[in-house]
Amino acid sequence: MRTHEAGALHADVTQAASSVPRPPADLSALAPAVWPRNAARGPDGAVRIGGVDVRELAEKFGTPAYVCDEADFRSRCRDFATAFGGADVHYAAKAFCAVQVLRWVAEEGLGLDVCTGGELAAAVRAGFPPDRIAMHGNNKSVDELERALDVGVGRVVVDSFAEIARLAWLAERRGVRQPVLVRATVGVEAHTHEFIATAHEDQKFGFSLASGAAFEAVRRVLEHASLELAGVHSHIGSQIFDTAGFEISAHRAVQLLVRMRDALAVEPGFLDLGGGFGIAYVHADDPLDPAHVAAGLRGIVERECAVAGLAVPRLAVEPGRALAGPGTVTLYEVGTVKDVDGIRTYVSVDGGMSDNIRTALYDASYTCTLASRSSDAEPMLARVVGKHCESGDIVVRDTWLPADTSPGDLLAVAATGAYCRSMANNYNSVPRPPVVAVRDGAARAIVRRETVDDVLRLDVA
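Attention here is on the structure that accompanies the text. Note that the structure is a prediction, hence the values are computed from the model and not measured.

What follows covers the side chain of Ser-208. You can see Ser-208 is positioned in strand β10 (residues 207–208). In terms of polar contacts, Ser-208 uses its side chain to reach the backbone amide nitrogen of Ala-210, at 3.3 Å.

This part covers the nonpolar core. A general trend in soluble globular proteins is that nonpolar side chains are found buried together. In terms of nonpolar packing, the biggest core is built from 131 residues, with Phe-73, Phe-84, Tyr-91, Leu-112, Val-301, Leu-331 and Leu-411 touching the most fellow members. The element best represented in this core is helix α9 (residues 244–264), accounting for eight residues. Ignoring any residue separated from it by four or fewer positions in sequence, one finds Tyr-91 in contact with Phe-73, Phe-96, Val-101, Leu-102, Val-105, Gly-111, Leu-112, Asp-113, Pro-319, Gly-320, Leu-323 and Ala-324. Val-157, Leu-181, Ala-230 and Phe-270 belong to the second largest nonpolar core, which has five residues in total.

All right, on to the pairing of strand β6 (residues 111–114) then. Going residue by residue along β6, you find Gly-111 and Asp-113 tucked away on one face and Leu-112 and Val-114 tucked away on the opposite face as well. Examined bridge by bridge, strand β5 (residues 88–92) and β6 share three bridges and lie parallel to one another. Residue pairing in the sheet places Tyr-91 in a bridge with Leu-112 of β6. At this point the chain moves from β5, through helix α4 (residues 99–107), to the parallel β6, and the crossover so formed is right-handed. With three bridges joining them, β6 and strand β7 (residues 133–135) adopt parallel strand pairing. Each bridged residue has a counterpart across the sheet, and for Val-114 the counterpart in β7 is Met-135. With helix α5 (residues 117–125) bridging β6 and its parallel neighbour β7, the resulting β-α-β unit is right-handed.

This part covers the sheet that holds strand β3 (residues 52–53). The strand order β1-β2-β3 describes an open sheet built from three strands, whose pairing is antiparallel. In this open sheet, the two strands that pair with only one neighbour each are β1 (39–41) and β3. Looking at chain direction, β1 and strand β2 (residues 47–49) are connected through three bridges and run antiparallel. Within the sheet, the bridge partner assigned to Arg-41 lies in β2 and is Val-47.

The next subject is helix α10 (residues 290–308). Relative to the 27 Å expected for 19 residues at 1.5 Å per residue, α10 spans 27 Å between its end C-alpha atoms, a close match to the ideal helical length. Residues of α10 that are buried: Pro-290, Val-293, Ala-294, Leu-297, Gly-299, Ile-300, Val-301, Glu-304 and Cys-305. Residues of α10 that are buried make contact with α3 (70–83), α9, β12 (270–272) and β13 (314–317). You can read the cap of α10 off the contacts: a side-chain oxygen lies 3.0 Å from the backbone nitrogen of Ala-291, and it is on Asp-289. Phi turns positive one or two residues past the end of α10, at Gly-309, with a value near 70°.

Bringing empty space enclosed by the protein into the picture now. Summed over all chains, the structure comprises one cavity of 30 Å³ or more. Estimates place the volume of the largest cavity at around 40 Å³. Taken together, Tyr-66, Cys-68, Phe-96, Thr-328, Thr-416, Gly-417, Arg-421 and Val-435 make up the full set of residues lining the largest cavity. A per-class count over the lining of the largest cavity returns four nonpolar, three polar and one charged.

When you tally the buried positions in strand β18 (residues 394–402), you get eight out of nine residues, the bulk of the element. Of the pairings in the sheet, the one linking strand β17 (residues 379–385) to β18 comprises six bridges and is antiparallel in character. Residue pairing across strands places Pro-379 opposite Pro-402, the latter belonging to β18.

Now for the side chain of Ser-234. Here Ser-234 lies in the loop between β11 (227–233) and α9. Polar contacts involving the side chain of Ser-234 include one to the side chain of Ser-249, which spans 3.1 Å. Apart from the residues within four sequence positions on either side, Ser-234 is in contact with Ala-184, Val-186, Ser-249, Asp-272, Leu-273 and Gly-274.

For the structure shown, the criterion picks out 29 salt bridges. The residue Arg-76 makes a salt bridge to Asp-72 at a minimum N-O spacing of 2.5 Å. Highlighted residues: Arg-76 and Asp-72, both in helix α3, separated by four residues, approximately one helical turn. Here Arg-76 and Asp-72 have matching classes, each one buried. Through salt bridges with shared partners, a single network forms among Glu-70, Arg-74, Arg-78, Glu-107, Glu-108, Arg-439, Asp-440 and Arg-444.

This part covers the packing of helix α6 (residues 142–151) against helix α7 (residues 161–174). Where α6 meets α7, the axes come as close as 10 Å, and the angle between the chain directions of the two elements is 45°. Relative to α7, the element α6 lies oblique. The handedness of the crossing between α6 and α7 comes out as right-handed. Across the interface between the two elements, Val-142, Leu-145, Glu-146, Leu-149 and Asp-150 from α6 touch Glu-163, Arg-166, Leu-167, Leu-170, Ala-171, Arg-173 and Arg-174 from α7.

Turning to the packing of aromatic side chains, a few remarks are in order. Under the counting rule described, the total for this entry stands at six aromatic pairs. On the basis of an interplanar angle of 80° and a centroid distance of 5.6 Å, the ring pair of Phe-73 and Tyr-91 is categorised as edge-to-face. One end of the pair, Phe-73, is in helix α3; the other, Tyr-91, is in strand β5, and 18 residues separate them in sequence. A relative accessible area of 3% places Phe-73 in the buried class. An aromatic cluster of three or more residues is present, and its members are Phe-73, Tyr-91 and Trp-104. If you follow Arg-155 out to its NZ or CZ, it ends over the ring of Phe-270, 4.0 Å from the centre. Above the ring of Phe-161, the side-chain terminus of Arg-220 is found at 4.0 Å from the ring centroid.

Here the bond from Thr-63 into Pro-64 is cis, since omega is -5°, no more than 30 degrees from zero. A positive phi angle, close to 50°, is found at Asp-440, a residue other than glycine. If you trace the backbone, Asp-440 turns up in the loop between β20 (435–439) and β21 (442–447).

Analysis parameters
Numbers given to residues run from 1 along each chain, matching the order in which its sequence is written. Per-residue local features are limited, in this predicted model, to residues with pLDDT of at least 70; the limit for side-chain atom pairs, both in listing and counting, is 80 or more; totals at the level of whole chains, interfaces and linings are taken over all residues. Each side-chain value is derived from all of the structure's non-hydrogen atoms; neither hydrogens nor water enter the calculation. Numbered from the N terminus, helices here are DSSP runs of H or I no shorter than four residues, and strands are runs of E no shorter than two. Each polar contact in these results corresponds to two N or O atoms within 3.5 Å; when the atoms are within protein, one needs to be able to donate a hydrogen and the other to accept it, and residues that are neighboring in sequence are counted only if both atoms are side-chain atoms. Only buried residues count toward a nonpolar core. Its members are Ala, Val, Leu, Ile, Met, Phe, Trp, Tyr and Cys residues joined through side-chain atoms within 4.5 Å. Note on exposure labels: buried denotes an accessible area under 20% of the residue type's maximum, exposed denotes more than 50%, and partly exposed covers the range between, all computed with a 1.4 Å probe on protein chains only. Any two residues having at least one pair of non-hydrogen atoms within 4.5 Å are treated as being in contact. For two strands to be treated as a pair, DSSP must find at least two bridges joining them. A crossover gets the label right-handed when its path from the first strand over the helix to the second runs clockwise, viewed with the strands pointing away from the viewer. In this analysis, the expected span of each helix is defined as 1.5 Å times one less than the number of residues it contains. Any residue with an atom within 4 Å of a point lines the site, the site being either a cavity, points on a 1 Å grid over the protein atoms alone where a 1.4 Å probe fits but cannot get out, or a pocket, an open set with protein on both sides within 12 Å along at least 5 of 7 lines. Grid points are joined across faces, edges and corners, and a volume is the space filled by probe spheres set on the points. Amino acids are sorted into nonpolar (Ala, Val, Leu, Ile, Met, Phe, Trp, Tyr, Cys and Pro), charged (Asp, Glu, Lys and Arg) and polar (every other residue, Gly among them). Salt bridges, as used here, are contacts in which a Lys or Arg side-chain nitrogen is within 4 Å of a carboxyl oxygen on Asp or Glu. A fitted line through C-alpha atoms serves as each axis, taken over the contacting stretch for helices, and the angle formed by two N-to-C directions is quoted from 0 to 180°. Throughout this description, any angle smaller than 35 degrees is read as roughly parallel, any larger than 145 degrees as roughly antiparallel, any in the 65 to 115 degree range as roughly perpendicular, and the remainder as oblique. When the near helix sits turned anticlockwise from the far one by under a right angle, the crossing is termed left-handed; a clockwise turn instead gives a right-handed crossing. Each aromatic pair joins two rings of Phe, Tyr and Trp (for Trp, the six-membered one) with centres within 6.5 Å, and gets the label stacked for planes under 30 degrees apart, edge-to-face for over 60, and tilted for any other angle. To sit over a ring, a charge needs its Lys NZ or Arg CZ within 6 Å of the ring centre and within 35 degrees of the ring normal.

So this is what it looks like as structure tokens:
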């Protein structure tokens, strides 16, 4: 390597090291905000989740594996239901959609948002009450809309003028009157990654409030006897840590309701403010408390409605990541540990971007720990990478691990319950991991591990 190139690389590594907080003296500590509520180290140093030793999980189910703390998931459902008492809390299935998880959601009394025919099929298989389902999507097919009508979903969130006409025609043919929400793009860009900010003007979702398209969509819905205008929907992004964006969004959405009353003499009774509540992936993240969010959203809507003389609509929120994300970890086995000329230590695991593409896609950060044992070794700054033939196959870009981390050790990566299994793929023809639910010392697979035969079964040879 030429001298200036080597110097630049060492400078990059030094900068990376300085940007990653020095680890605590005890690398074995599990930060409560990041790890599942029922995760802890046992006296032998091994991590237990829901009372089950990760070594037992690896032996029984193999690695990699998503390990989901069922009690954690259910408790977060209850936290949001309690905080938003009197409002509707809908789990966003896109965060993680599995039949058993949707049953948990139903049993905890929440509603459900689905955005494809596949997610709707999972909800039907789970026996989810159809009147508590909302159908989202910016390009719903005729088949998907027909299925939604046949199932009897509670609301369809309309996203284009073409969809309004299409849905009205399909509902009329069936002799039903379908409740709908008009998705308004409120012009608020949350402080988040560009690809997950969904309420600024230049994006594919919803009707622009500023251009008047949202008001026109409302007017067109009212023209169709087969559609019932239930209310307005907005969503400003994802992984949001402050309420400022929600307050502006709520203000603008209420102003649309006021205009609807004044110009069209209608007062829909429902206002859905979406989701996007952030979670802790690393120690520095500071998620919003559901009670704080609920109080803030209620306050701004009530104030705006009081000023306008408008009846306060029923509120709805759509947490997905905030329910599914924190309670799941991904369990990996270390395969190789490679020290590259003293520049960086690469710890390779048996999964990667096929089970967690978020690091490659969003430059997401994660917390990682040696899970199968504790160690008194000095910390080393490591990069946890996957097994795929891709230089961007990174699981955790920079993390501190014990210097004696070795092949055969188990690593756990926290907060992988949302958008990891949902976005999992078969890159390099690698089968997707199972999802294992743990609770009260017992473990069971709720999504089985794929096999190579599963991966190849669609090939027509």
